[in-house]
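Spelled out, the chains give:
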Amino acid sequence: MNNTTVIDRDPIRAISSLKEQPGADILRYGVGPLSRALMAEGLLDELRLWVHPFLLGAGTSDDLLYLPGSSGSFTLVESTTLPSGVVILTFAAKREQDGQ
């Protein structure tokens with residue numbers, strides 16, 4: 001795919017380097033350990049959550065959104081509701097220079 005960079009080494013160092021270069025946004029699909037690491041290093045600029053209109057199973061403190069260290073401050077900048085009922089919430093990361 002054009003304009004794609006495959007990272008085959010330390011992702012935090014590689015993404016830090018990519019963010020210093022001019023160009024478009026860096027896109028990462030999915031949530032998991034890499035997203036939490038990017039958030040911890042201040043490298044996650046935007047967070048998009050897709051909320052599906054159904055519940056499955058039971059939640060515990062081990063669930064995805066409640067892991068220790070997964071913290072960050074975000075501001076809701078957009079919400080989109082799809083015909084299926086799925087809601088896409090787009091959040092921008094708050095930075096220290098934003099006064100947040």
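Let us look at the structure shown here. All values derive from a computational prediction rather than experimental measurement.

**Description of the nonpolar core**
Ile 12, Ile 15, Leu 38, Met 39, Leu 43, Leu 44, Leu 47 and Phe 91 form the largest nonpolar core, which has 8 residues in total. The set of elements that each furnish at least two residues to this core consists of helix 1 (11–20) and helix 2 (33–40). In contact with Ile 12, other than residues within four places in its own chain, are Ala 37, Leu 38, Glu 41 and Leu 43.

**Quick look at the sheet that holds strand 1 (residues 46–51)**
Spatial ordering of the open sheet is given by 1-3-2, a layout of 3 strands whose pairing is antiparallel. Taken across any chain shown, the strands that pair with only one partner, and hence form the sheet edges, are strand 1 and strand 2 (74–81). Across the sheet, the mean angle separating the axes of adjacent strands is 20° when strand polarity is ignored. Pairing between strand 2 and strand 3 (residues 87–93): 7 bridges, direction antiparallel.

**Comments concerning helix 2**
Inspection of helix 2 places Ser 35, Arg 36, Leu 38 and Met 39 among the buried residues, and these make up the whole buried set. In a view along the axis of helix 2, the buried residues occupy a sector of 160°, so they form one face of it. For helix 2, the exposed residues set more than 90 degrees away from the buried face come down to Pro 33 and Ala 40. Looking at the buried residues of helix 2, the elements they touch are helix 1 and strand 2. Gly 42 sits one or two positions beyond helix 2 and adopts a positive phi of about 75°.

Scoring rules and cut-offs
- Residues numbered from 1 in each chain as written.
- Predicted model: local features only at pLDDT ≥ 70, side-chain atom pairs only at ≥ 80, totals over all residues.
- Heavy atoms only, no water.
- Core = buried A, V, L, I, M, F, W, Y, C linked by side-chain atoms within 4.5 Å.
- Buried < 20%, exposed > 50% of the residue type's maximum accessible area, 1.4 Å probe, protein only.
- Helix = DSSP H or I, 4+ residues; strand = E, 2+ residues; numbered from the N terminus.
- Contact = heavy atoms within 4.5 Å.
- Pairing = 2+ DSSP bridges.
- Axes fitted to C-alpha atoms, helices over the stretch in contact; angles between N-to-C directions.
- Arc of directions from axis to C-beta.

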